[in-house]
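Given next are the chains, with one letter for each unit.
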Amino acid sequence: SGSVADNVGRGSGVIAAAGGGGVVAQIVRTDYKTETSSTSAGWTGRDTAIPTTSVGIEVFSATITPQSTSNILLIEVHLTTRGSGDGIQIYGGVWRDSETNALASTGEWIDSTDPQPMYFAHSETAPSTSSQEYKVRVGYGNGSTVYINCQSSGSFQGAAATSGITITEYTP
């Protein structure tokens, strides 16, 4: 008949996760291919405090208008970054709207002069059905420069390197 039965045996045309929900409501994605470097992107490093908007630089964002406050938002960030030399700490984080504290962050010790991939994710219940902007910041914990999608000598992989953010809204 052209439809697919879900795990409860209904011919709904949708495959649902075990337990009923888990259907993707929408996906928003921002691909960031701009080659960026900054010497003013200091990060607090291995501090025990939650990173705030005072660290790093904002490099890109994505905006979603959730369909329901019962839904789950999965925010996934991938970065192609490097520092100003070997043994440089690079950090990334994601913030919502004008909030001061990061929702999620991570760090990477880069022992190479080549850009390295970095991935982190955060999930939360949709805070409202109003537009929500998720902003990605990047910085260095030591060293003097952070590079996104490039290296100190210019393009990386013929300017094909990319970073980005994907926000997937799921029904519960």
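Bear in mind the structure is a predicted one, so any value in this text is a computation, not a measurement.

1. Section: the pattern of salt bridges
Phase 1 of the analysis: Taken as a whole and judged by the stated rule, the model has three salt bridges.
Phase 2 of the analysis: The residue arginine 29 makes a salt bridge to aspartate 31 at a minimum N-O spacing of 2.6 Å.
Phase 3 of the analysis: Two residues, arginine 96 and glutamate 124, come together in a salt bridge whose shortest N-O distance is 2.8 Å. Residue arginine 96 is located in strand β5 (residues 88-96), and its partner glutamate 124 is located in strand β7 (residues 116-125); the two are separated by 28 residues in the primary sequence.
Phase 4 of the analysis: According to the relative accessible area criterion, arginine 96 is buried, its value standing at 11%.
Phase 5 of the analysis: Linked through salt bridges whose partners overlap, the residues forming this network are Arg96, Glu99 and Glu124.

2. Quick notes on the environment of threonine 129
Phase 1 of the analysis: Tracing the sequence through the fold places threonine 129 in the loop between β7 and β8 (132-140).
Phase 2 of the analysis: Owing to a relative accessible area of 42%, threonine 129 belongs among the partly exposed residues under this scheme.
Phase 3 of the analysis: Discounting residues that sit within four places of it in the chain, threonine 129 has contacts with Thr65, Pro66, Gln67, Ser68 and Thr69.

3. What about unusual backbone geometry?
Phase 1 of the analysis: Positive phi, normally seen in glycine, also occurs at aspartate 97, with a value near 45°.
Phase 2 of the analysis: As for its position among the elements, aspartate 97 is in the loop between β5 and β6 (104-110).
Phase 3 of the analysis: In the Ramachandran plot, asparagine 149 falls in the positive-phi region, its phi being about 65° despite a non-glycine side chain.
Phase 4 of the analysis: Within the secondary structure, asparagine 149 sits in the loop between β9 (146-148) and β10 (150-151).

The rules behind these values
Residues numbered from 1 in each chain as written. Predicted model: local features only at pLDDT ≥ 70, side-chain atom pairs only at ≥ 80, totals over all residues. Heavy atoms only, no water. Salt bridge = Lys/Arg side-chain N within 4 Å of Asp/Glu carboxyl O. Helix = DSSP H or I, 4+ residues; strand = E, 2+ residues; numbered from the N terminus. Buried < 20%, exposed > 50% of the residue type's maximum accessible area, 1.4 Å probe, protein only. Contact = heavy atoms within 4.5 Å.

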